[in-house]
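Below are the chains, spelled out letter by letter.
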Amino acid sequence: GIDRKQFNPGRRSEAFRAAHNIRPDDVAVAFLGRLVLEKGLDVFADAVEAADARGAGLKILVIGEGPARGWFKERLPDACFTGELTGTDLATALASADVFLNPSVTESFGNVTLEAMACALPVVAARASGATSLVQDGRTGTLAEPGAIDEYAAALCAYAADPALRAKHGAAGLAFAETMDWDEIN
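All of the points below concern the structure found in this document. These figures come from a predicted structure and were not determined experimentally.

Now for the overall build of the protein chain. When helices and strands are tallied, the protein chain shows eight helices and six strands. Counting from the amino terminus, helix and strand elements in the protein chain follow one another as α-β-α-β-α-β-α-β-α-β-β-α-α-α. Here the C-alpha atoms of the protein chain give a radius of gyration of 15 Å, agreeing with the 16 Å that 2.2 N^0.38 yields for 186 residues. Along the longest, intermediate and shortest principal axes, the C-alpha atoms of the protein chain span 45 × 35 × 35 Å. Residues counted as buried form 54% of the 186 residues belonging to the protein chain. Put simply, 65% of the contacts in the protein chain that link residues at least 6 apart link residues at least 24 apart. Summed over its atoms, the accessible surface of the protein chain is roughly 8100 Å², and 50% of this surface lies on carbon and sulfur atoms.

The strand order E3-E2-E1-E4-E5-E6 describes an open sheet built from six strands, whose pairing is parallel. In this open sheet, the two edge strands, each paired with only one partner strand, are strand E3 (80-83) and strand E6 (141-144). Going across the sheet, the axis of each strand differs from the next one's by a mean of 20 degrees, ignoring polarity. Note that strand E2 (residues 59-63) and E3 share three bridges and pair parallel.

Closest axis-to-axis distance for the helix H5 (residues 111-118)/helix H7 (residues 163-178) pair is 7 Å, and the angle between their directions is 115 degrees. Between H5 and H7, the angle is such that the two are roughly perpendicular. Here the hand of the crossing between H5 and H7 comes out left-handed. Contacts from Leu-114, Met-117 and Ala-118 of H5 reach H7 at Gly-170, Gly-173, Leu-174, Phe-176 and Ala-177. Its residues assigned to classes, the contact of H5 with H7 comprises six nonpolar, two polar and no charged.

Our focus in this paragraph is the nonpolar core. Within the largest apolar cluster, 34 residues are counted, with the highest numbers of intra-cluster contacts made by Phe-44, Leu-58, Ile-60, Phe-72, Leu-101 and Leu-156. Of all the secondary-structure elements, those providing two or more residues to this core are strand E1 (28-32), helix H2 (41-53), E2, strand E4 (99-102), strand E5 (123-126) and helix H6 (149-161). For this core, the element with the highest residue contribution is H2, accounting for eight residues. Each residue touching Ile-60, except ones within four places of it in the same chain, is listed here: Val-29, Phe-44, Val-48, Leu-76, Ala-79 and Cys-80.

Before going further, it helps to spend a moment on the pairing of E5. Note that E4 and E5 share three bridges and pair parallel. Within E5, the position partnered with Leu-101 by the bridge is Val-124. Considered for its hand, the β-α-β crossover made up of E4, H5 and E5 is right-handed.

What follows covers H6. Between the first and last C-alpha of H6 there are 18 Å, a value that for 13 residues agrees with the 18 Å anticipated at 1.5 Å per step. Among all positions in H6, only Tyr-152, Ala-153, Ala-155, Leu-156, Cys-157, Tyr-159 and Ala-160 are buried. Of the surrounding elements, those touching the buried residues of H6 are E1, H2, E4, E5, E6 and H7.

Another aspect to go through is H7. Compared with the 22 Å implied by 1.5 Å per residue over 16 residues, the 22 Å span of H7 between its first and last C-alpha is a close match. Along H7, the residues that are buried comprise Arg-166, His-169, Gly-170, Ala-172, Gly-173, Leu-174, Phe-176 and Ala-177. Those residues of H7 that are buried lie in contact with E4, H5, E6 and H6. The N-terminus of H7 is capped by Asp-162, whose side-chain oxygen sits 3.1 Å from the backbone nitrogen of Ala-164.

The next thing to look at is the pattern of salt bridges. With the rule as written, the count across this model stands at 15 salt bridges. A salt bridge links Arg-23 to Asp-25; the shortest N-O distance between them is 3.6 Å. Under the relative-accessibility criterion, Asp-25 is labelled exposed at 61%.

Conventions we followed
- Residues numbered from 1 in each chain as written.
- Predicted model: local features only at pLDDT ≥ 70, side-chain atom pairs only at ≥ 80, totals over all residues.
- Heavy atoms only, no water.
- Helix = DSSP H or I, 4+ residues; strand = E, 2+ residues; numbered from the N terminus.
- Rg over C-alpha atoms; globule rule 2.2 N^0.38 Å.
- Buried < 20%, exposed > 50% of the residue type's maximum accessible area, 1.4 Å probe, protein only.
- Contact = heavy atoms within 4.5 Å.
- Areas by Shrake-Rupley, 256 points an atom, 1.4 Å probe, with all protein chains shown as cover.
- Pairing = 2+ DSSP bridges.
- Axes fitted to C-alpha atoms, helices over the stretch in contact; angles between N-to-C directions.
- Parallel < 35°, antiparallel > 145°, perpendicular 65-115°, else oblique.
- Left-handed = near helix turned anticlockwise from the far one by under 90°.
- Nonpolar A, V, L, I, M, F, W, Y, C, P; charged D, E, K, R; others polar.
- Core = buried A, V, L, I, M, F, W, Y, C linked by side-chain atoms within 4.5 Å.
- Right-handed = clockwise from strand over helix to strand, strands pointing away.
- Expected span 1.5 Å × (residues − 1).
- Polar contact = N/O pair within 3.5 Å; in protein donor to acceptor, adjacent residues only side chain to side chain.
- Salt bridge = Lys/Arg side-chain N within 4 Å of Asp/Glu carboxyl O.

Here it is, written out as C-alpha cells:
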C-alpha cells in the first residue's frame, strides 16, 4: 500500500528543482533506493548515457544512500545526489522529478515504484517481479527487458520528447496508485 497523503503530485516543488539545478523545462529522471549495485545502477547509468547520446538531455536525480554512491557518482558525474531523504523531503524530491527509472530485478513488491506512481510519474522499469504487478506497459509506464539498454533508452527518449505522454502515463499511474491507498487496501 501507499500513503497518498505523503506521496502525491501536490508535493512537486519548483523551488526544490531550482535548488538542484533542474530548470522548469528540464526532464528530470529519478532513481530512488539504496545505492547498491544489485539495484541495477549499471543499467540505470548505461540507459541514461544511451538516451543522452540520442539527444534526450536528461537531468538525473538520485535519491538515496549506500556503499555504491562513489561508483554511481563516477558514472553519472552531473547527477544530483540528495543522499538519504525521509518523510516530506523524500516525497517532495520524488514528486519533483518527471520520470522514474527503476531497472532493478531484485524487488519483491516495488514500493519505490508505487511511490513514484502516486506522485504521477511515468515509470520505466524492468519487466521483472516488483514491477510487472504495478506498471502497465504502455499505460502507466514502460516495461523493458532486464538489461536491455536500448529499450530503457528508447523509453526515456520518448518521455523526454513528449510531455503529453509523460502526463498521460503519469495520470494513469496516479489512478492506479489511488487503488493502493492504505484505506483501500485495508
